[in-house]
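Residues per chain, in single letters:
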Amino acid sequence: MGTRNTGRINHYFLLLIWAAAFLFPIHSFCLTQLQASEQKQDEPNNFPADLTELSIEDLMDIEVTTFSRKAQKLSNTAAAVFVITQEDIRRSGAVNIPELLRMVPGLQVARIDANKWAISSRGFNGRFANKLLVLMDGRSLYSPIFSGVLWDAQDTLIEDIDRIEIIRGPGASTWGANAVNGVINIITKKAANTRGGLVSAGVGTEEKSFGSIRYGMNVSEDADVRMYAKYADRDEAVYASGEDASDDWNLSQGGFRTDWRISNKNALTVQGDIFNGDSGQEITLAALDPPYSKTFDDQVGIYGGNLLTRWMHTYSATSAMTTSVYYDRAVHNEFVARLTVETMDLDFQHQFIFANRHEIVWGGGYRLVRDRLESSFNVAFDPEKEHTDIFSAFIQDDIIISPNQWRLTLGSKFEHNDYTGAEIQPTARILWTPNPTNSIWGSVSRAVRTPARAERNTRFSNAVIPPGQPGNPGTLPMVVSATGNEGFDSEELLAFELGYRLEPLDKLSFDTAVFYNLYDNLRTAETGTAYTEPQPIPDRIIIPFYVDNKMNGKTYGFEFMANWRPLQWWRFQTSYSYLKMDLELDSGSTSFAGLSTEDESPCHQVSLRSSTDLTKNLELDIWARFVDRLPAQDVDRYVTMDARLGWHPIQKLEISLVGRNLLENHHPEFKPEHLDTASTEVERSAYVKVTWSF
Amino acid sequence: MKIQKTISMISRNITTVCLLVCLLLFPHETAGAQDNLEYRIKAAFLYNFAKFVEWPNPDDKGSSAPFVIGVLGDDPFGPELDAIEQKTINGRRISIKRFGTIDDVSVCHLLFFSFEEPEKMKKALRKISNQTILTVGEAEGFAQTGGMIGFVEKENKIRFEINRAAAASAGLTISSKLLKLAVIVEAEEGNALQ
């Protein structure tokens, strides 16, 4: 009782600290104002406070060590970064976010069926790939229930995406837990950049029909608002036999964004979305009655919404603060479970330049997750309702050791969650730019993947061995159950990275990253002792497999990409990724699962994209991909190609004809994970799309 | 279990300590504020550009209408630019305006472009090519893209490039003093605005 009370007090104490943290910037802002006049008088440098009094020659002579703008340039970071621009999006022919990610080196993107994807970075792929963190405008899309991202419920108006930034390798020191192997940041455009109307509509063989409408306007001199709505109806895919499956998918979504520049120093963004859709699937479930398993078509209802507010305050051009708050609610309703998850998140960060050589960013956050998970025999949660909170803080110092040459970044995240307590995730990165043509970077980081709710208190019954069968000579059915474990700990990573960027010509650049990752405490399923369970009727024998942390291992590999623009009208982008995984069960582990993960991510991947402007208003894009085989899944290697022909009869109108996966009738890419949904194959498809902006 | 609790306690304390450290960092932030040297210098440059460029409208001269310096896109200057509002150019008051997009740009003599995307830049430059606006930017190759004066950084010092043809076609005369100090560039093929 005593400890519990102390916990409470600690809790309130922390909240108090947070409140202080929020008030402090305001307080210190006032100080800035008061001290401003004083400071002007004792300039550290020997030039006047009013620089306009200097001649141009004198101005040209002042040395500046911190170029704030330049520091923000992604190409200049000590990490493996890739940016998908709006132009990449438009010319890719992809109609949703997962398909766009196929162009990123080092990512594994595979479709399981028409509405499910397996997406990971640097290995460990699966439908519930849990080592990749995904955010949209700062809102986490990562499910705390299963770990991983349910991609069928993640969408936005694709034309309104400003860019997608992908960092391979740990990003945990700033982004926090679960940014183990990578972070994806989807960033939408500011409302001021989407003024006017946009209407697009398309029809196709797989993308049966889709359309979207957006209107953005200037409501006052300093405020902009946009609203959008979209709808997409996708056809079912096929089984290996070529027969139609039942995984058709539709999604309707709408949303808005307002950006208001309250004053020179304050800006406010409010944005939100709502969505509603249906994802079809054929599912096979174990049952206690003969014939002990059933297969049927299930419609998964997905709906939800979110609301986000972000306040940016500028103290000076080198010091700024951002505070954001969001609420997100998502419902995933399928036969085996109905999951309602609500997230409240508060995030604060402040960045400033200190002593001309330190770019410091620090911040903190609080997240509350509340869920209601309605169970079934196959997927049982206990308790069905839970709420957890996460407190976090981070600090990062970007130190300019010698201007334009050496830059050292040190940082760490400190996080506290209800499951595993404290998690410290530090990083050290160094960037050397001997000249503008070459840059070399290296890093050492630690990151953790925290347990998901499903790994702690779920019983997941995926097979029943009927009585009288081999392996079950008795009279009671035997239920094989993957069972959660409250002692399940975080998975850990220690990562080493090296990178080299070369820009020999203005129009030619190369980027290479090499990594060596050491993992420990990876998830396994350990055999437990069988027991009889009389309730609810009928009696059954449970053969439990307990979630545990008894695997370790290493992965290594490299990613290479080249960007070449030989002619003003021709751009060529290519990438190659190599990945090797080497996992090992700890001594004493009885796990049958886990090791196969090694063979569920492709060893080699190649992507070649060519974008040409044939004439002033005709574009041709070709995109070829090679993905290596997945031995554990019996999925063969494949080569495929997409092509897009875009025509602008007038400036504001675009008509595009897109063919996807043109080289084969259909091919498999990935098998379902955990839930036994029917696996389907990706078909050749074509669509035509008209986009009109006004 | 006991270990769990200990870790939990330690973690809470670490979080708290970390926060306190962060809070302690704050007072230094005021010191950091004066380090925005880059944009203080650039603001002073803008003022000088205005002094050494001649606008063709003779009736404007001596008029009481303010000389407008505009910032297009995200403002990197902050208060550093507002400080020059107290100055005058040829007896004219200076007024600082901030524009979200190129369509917002109304009366303006000198326009600073803060964004970097070349396509967006070209579009924006084209849109105001028929107005007498001195265009200044800091994106790589700004002057080659069709802008008039582009800031560049060389050996930790701020330099500028001038595209004479672009300025001339807008009817602006750049003084020889400015031209002498600048790196003269020409627009890249296909980037001439007319």
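Just so you know, these numbers come straight off a predicted model, no measurement behind them. (Residues numbered from 1 in each chain as written. Chains lettered and ligands numbered in written order. Predicted model: local features only at pLDDT ≥ 70, side-chain atom pairs only at ≥ 80, totals over all residues. Heavy atoms only, no water.)

Let's shift gears to the overall build of chain A. Broken down by element type, chain A carries seven helices and 35 strands. By the burial criterion, 55% of the 694 residues in chain A qualify as buried. In chain A, 61% of the contacts between residues at least 6 apart in sequence involve partners at least 24 apart. (Helix = DSSP H or I, 4+ residues; strand = E, 2+ residues; numbered from the N terminus. Buried < 20%, exposed > 50% of the residue type's maximum accessible area, 1.4 Å probe, protein only. Contact = heavy atoms within 4.5 Å.)

A few words now on the pairing of strand E5 (residues 110-113) of chain B. As a general feature of sheets, a regular strand has side chains that alternate between the two faces. Residue and element names in this part refer to chain B. By the alternation rule, side chains of E5 split into Leu110 and Phe112 and Leu111 and Phe113, which are all buried. Pairing analysis gives four bridges linking strand E2 (residues 67-72) to E5, with the strands arranged parallel. Paired with Gly70 across the strands is Leu111, a residue of E5. Note that E5 and strand E6 (residues 134-137) share four bridges and pair parallel. Considered in E6, the bridge of Phe112 is made with Val136. Following the backbone out of E5, through helix H4 (residues 118-127) and into the adjacent parallel E6, one traces a crossover that is right-handed. (Pairing = 2+ DSSP bridges. Right-handed = clockwise from strand over helix to strand, strands pointing away.)

Our focus in this paragraph is the packing of aromatic side chains. Residue and element names in this part refer to chain A. Considering all chains together, one arrives at 26 aromatic pairs over all chains under this definition. When the ring of Tyr366 is compared with that of Phe391, the centres are 5.0 Å apart and the planes differ by 40 degrees; the resulting orientation is tilted. A residue pair is termed long-range when its members are at least 10 positions apart, and Tyr366 in strand E16 (residues 358-374) and Phe391 in strand E18 (residues 385-402) qualify at 25 residues. The pair Tyr366 / Phe391 is uniform in exposure class, with both members buried. Measuring from centroid to centroid gives 6.0 Å for Phe558 and Tyr578, while their planes differ by 35 degrees, and the two rings are tilted. (Phe/Tyr/Trp six-rings, centres within 6.5 Å; stacked < 30°, edge-to-face > 60°.)

Right, let's get into the pairing of E18(A). All names here are of chain A. As paired elements, E16 and E18 share 15 bridges and run antiparallel to each other. Considered in E18, the bridge of Asp371 is made with Glu386. In this sheet, strand E19 (residues 406-417) lies alongside E18 in antiparallel orientation, the contact comprising 12 bridges. Opposite Asp398, over in E19, you have Thr409 as the bridge partner. In sequence, E18 turns back onto E19 through a hairpin of three residues, with Asn404 there showing a positive phi of about 65 degrees.

With that settled, the discussion passes to the pattern of salt bridges. Overall, the coordinates contain 63 salt bridges over all chains when judged by the stated rule. For A:Glu619, the salt bridge is made with A:Arg90, and the minimal N-O distance between the two is 2.9 Å. Placement of A:Glu619 in strand E30 (residues 618-627) and of A:Arg90 in helix H4 (residues 86-92) is noted, with a sequence separation of 529 residues between them. The residue B:Asp103 makes a salt bridge to B:Lys127 at a minimum N-O spacing of 3.1 Å. In this pair, B:Asp103 sits in the loop between strand E4 (92-99) and E5 while B:Lys127 sits in helix H4, placing the two residues 24 residues apart along the sequence. The class for B:Asp103 is exposed, based on a relative accessible area of 52%. Residue B:Lys127 is classed as partly exposed on the basis of its relative accessible area of 49%. A single salt-bridge network, built from bridges that share partners, covers A:Glu87, A:Arg90, A:Arg91, A:Asp613, A:Glu619, A:Asp621, A:Arg644 and A:Glu654. (Salt bridge = Lys/Arg side-chain N within 4 Å of Asp/Glu carboxyl O.)

Let us now look at the sheet that holds strand E6 (residues 161-168) of chain A. Strands pair in a sheet through their backbones, by hydrogen bonds, and they do so in one of two ways: parallel or antiparallel. Residues and elements named next belong to chain A. Taken in spatial order, the five strands line up as E1-E6-E7-E4-E5 in an open sheet, and their pairing is mixed. In this open sheet, the two edge strands, each paired with only one partner strand, are strand E1 (80-85) and strand E5 (139-140). Note that E6 and strand E7 (residues 182-188) share seven bridges and pair antiparallel. If you follow Ile161 over to E7, its bridge partner there is Thr188.

This part covers the confidence of the model for chain A. The share of residues in chain A with pLDDT of 70 or more is 91%, and the mean pLDDT across the chain is 88. Across residues 68-72 of chain A, confidence stays below pLDDT 50; counting only partners more than four residues off in sequence or on other chains, it has 14 contacts. (pLDDT = per-residue confidence, 0-100.)

Quick look at the sheet that holds E5(B) now. Residue and element names in this part refer to chain B. Pairing within the open sheet is mixed, and its eight strands lie in the order E3-E4-E2-E5-E6-E7-E8-E10. At either end of the open sheet lies a strand with only one pairing partner, and these are strand E3 (88-89) and strand E10 (183-185). Pairing between E2 and E4: six bridges, direction parallel. What sits directly across from Leu72, in E4, is Phe99. On top of the sheet, helix H2 (residues 37-51) reaches E2, E3, E4, E5, E6, strand E7 (149-154) and strand E8 (157-163); it is set at about 35 degrees to E8, its chief contact. (Axes fitted to C-alpha atoms, helices over the stretch in contact; angles between N-to-C directions.)

Further remarks concern the side chain of B:Asn163. Within the secondary structure, B:Asn163 is located in strand E8. Residues contacting B:Asn163, with those up to four places away along its chain left out, are B:Ala143, B:Gly146, B:Gly147, B:Met148, B:Val185, B:Glu186 and B:Ala187.

Core analysis: the biggest nonpolar cluster contains 45 residues, and B:Phe45, B:Leu46, B:Phe49, B:Leu134 and B:Phe160 have the highest contact counts within it. Among the elements that line this core, the one with the most residues is H2(B), at 10 residues. By size, the runner-up hydrophobic cluster in this structure holds 33 residues, among which are A:Phe82, A:Ile84, A:Val300 and A:Met561. (Core = buried A, V, L, I, M, F, W, Y, C linked by side-chain atoms within 4.5 Å.)

Note: predicted coordinates in regions of low pLDDT should not be interpreted at a detailed level. Here chain B shows a mean pLDDT of 77. Residues at 70 or above account for 74%. Low confidence marks residues 21-35 of chain B, where pLDDT is under 50. Its contacts with residues over four positions away, or in another chain, come to 39 contacts.

Residues and elements named next belong to chain A. Within the element layout of this structure, Ile542 appears in strand E27 (residues 540-567). A residue is classified by how much of its surface remains accessible, and Ile542, at 0% relative accessible area, is buried. Distance in space between the C-alpha atoms of Ile542 and Thr529 is 8.6 Å, their sequence separation being 13 residues. Ignoring anything within four residues of it in the chain, the contact list for Ile542 reads Arg459, Val479, Ser481, Thr529, Ala530, Tyr531 and Glu533.

Before going further, it helps to examine unusual backbone geometry. Residues and elements named next belong to chain A. Residue Pro291 is bonded to the preceding Pro290 through a cis peptide linkage, with omega at 0 degrees. For Pro291, the position within the fold is in the loop between strand E12 (266-286) and strand E13 (293-316). Residues Asp382 and Pro383 are joined by a peptide bond in cis, for which omega reads 5 degrees. With respect to the helices and strands, Pro383 occurs in the loop between strand E17 (379-381) and E18. Within the chain, Asn661 stands out as a residue other than glycine whose phi angle is a positive 50 degrees. In this fold, Asn661 is placed in the loop between strand E32 (653-660) and strand E33 (666-667).

Moving on, we come to the side chain of A:Asn521. Residue and element names in this part refer to chain A. Along the chain, the position of Asn521 falls in strand E25 (residues 508-527). At 3.3 Å, the side chain of Asn521 forms a polar contact with the side chain of Glu492. Other than its neighbours up to four places away in sequence, Asn521 contacts Asp489, Ser490, Glu491, Glu492, Asn549 and Met551. (Polar contact = N/O pair within 3.5 Å; in protein donor to acceptor, adjacent residues only side chain to side chain.)

So, about the environment of A:Val225. With respect to the helices and strands, A:Val225 occurs in strand E10 (residues 223-234). Separated by 10 residues in the primary sequence, A:Val225 and A:Tyr215 have C-alpha atoms spaced 8.4 Å apart.

Residue and element names in this part refer to chain B. Every buried residue of H4 is listed here: Met121, Lys122, Ala124 and Leu125. Across the axial projection of H4, the buried residues extend over an arc of 165 degrees, all falling on one side. In H4, the exposed positions that point more than 90 degrees away from the buried face belong to Glu119 and Lys123. Looking at the packing, one finds that the buried side of H4 touches E2, E5 and E6. (Arc of directions from axis to C-beta.)

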